[in-house]
Amino acid sequence: KAVVSTQSTGRRAQSAPAPGSAASKKAALLHWCQRMTEDHEHVNITNFGKSWNDGMAFCALFHHFVPDQIPYETLDPKNREYNFRLAFTEGEKAGVTALLDVEDMVDMPNPEWRSVMTYVSLIYNHFNGIRVGGPRLPPMPPQE
């Protein structure tokens, strides 16, 4: 027989999102971001909004995959515009379309989480070899 505690912690009980649900996918993507950036100073990803407001999380994420392109140790969280510009420029060089605008990100104290999550999804898909949307391309014919 299971024992259920009736002692209140003062917090509402949280249930896990249903597998395959949008909430489950969002949580999985957030967890992936945390794993990819866990060894990077100045980064504490807890959401897709404020955690991304200084550009450091984007730089850390790209640094994980293309470390030679992001001089992470030299970055300063106070230099937001530079951080965003570096991350988005180097991301594009690596093949990830920059969906976010540097000026918009600098103007917002808290980025719009859906936009950040969409961009992070592109990063995830790119570096995990997932092609999204559009028709599948036929294999290239052998060179003669």
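Before going into details, it helps to say that this report is about the structure given with it. Along each chain, numbering runs from 1 in the same order as the chain's sequence is written. Local features in this predicted model are restricted to residues whose pLDDT is 70 or higher, and side-chain atom pairs enter the listing and the counts only when it is 80 or higher, whereas totals over whole chains, interfaces and linings include all residues. For side-chain calculations, the full set of non-hydrogen atoms in the structure is used, while hydrogens and water are omitted.

This brings us to the packing of helix H2 (residues 56-65) against helix H3 (residues 80-94). Fitted lines through C-alpha atoms serve as axes, helices being fitted only where they are in contact, and the angles separating the N-to-C directions of these axes extend from 0 to 180 degrees. Starting at the N terminus, helices and strands are each numbered in turn, a helix being any DSSP run of H or I of at least four residues and a strand any DSSP run of E of at least two. Remark: H2 packs on H3, axes separated minimally by 8 Å, with the N-to-C direction vectors making an angle of 35°. Seen from above, H2 lies across H3 with left-handed handedness. Here Met56, Phe58, Cys59 and Phe62 of H2 come into contact with H3, specifically with Asn83, Phe84, Leu86, Ala87, Phe88 and Gly91. Amino acids are sorted into nonpolar (Ala, Val, Leu, Ile, Met, Phe, Trp, Tyr, Cys and Pro), charged (Asp, Glu, Lys and Arg) and polar (every other residue, Gly among them). Here the contact of H2 with H3 is built from residues that sort into eight nonpolar, two polar and no charged. Crossing handedness: left-handed means the near helix sits turned counterclockwise from the far one by under a right angle, and right-handed means the same turn made clockwise. By definition in these notes, contact holds between two residues if any of their heavy atoms fall within 4.5 Å.

What follows deals with the nonpolar core. Trp52, Phe58, Phe88 and Val120 are the most contacted members of the largest nonpolar core, which has 32 residues in total. At the level of elements, helix H1 (22-37), H2, H3, helix H4 (102-107) and helix H5 (113-127) are the ones that each hand at least two residues to this core. Ranked by residues supplied to this core, first place goes to H2 with seven residues. Each residue touching Trp52, except ones within four places of it in the same chain, is listed here: Cys33, Ile45, Asn47, Ala57, Phe58, Leu61, Phe84, Met105, Pro111, Val116 and Val120. Here, nonpolar core refers to any group of buried Ala, Val, Leu, Ile, Met, Phe, Trp, Tyr and Cys residues whose side-chain atoms link them within 4.5 Å. Exposure categories follow from relative accessible area, calculated using a 1.4 Å probe and restricted to protein chains: below 20% of the type maximum is buried, above 50% is exposed, and the middle band is partly exposed.

Let us now look at the environment of Ser115. Along the chain, Ser115 turns up in helix H5. Given a relative accessible area of 31%, Ser115 falls into the partly exposed group. Along the backbone, Ser115 and Phe48 are 67 residues apart, and their C-alpha atoms lie at a distance of 8.6 Å.

For the rest of this paragraph, the subject is the packing of H2 against H5. The relative placement of two packed helices is expressed as an angle between their axes plus a distance between the axes. Two elements in contact, H2 and H5, have axes separated by 11 Å at closest approach and are oriented at 5°. As judged from the angle between their axes, H2 and H5 are roughly parallel. Residues Phe58, Leu61, Phe62 and Phe65 of H2 form the contact with H5, whose participating residues are Val116, Tyr119, Val120, Ile123 and Phe127. Residue classes in the contact of H2 with H5 are distributed as nine nonpolar, no polar and no charged. The labels follow the angle: roughly parallel below 35 degrees, roughly antiparallel above 145, roughly perpendicular from 65 to 115, and oblique for the rest.

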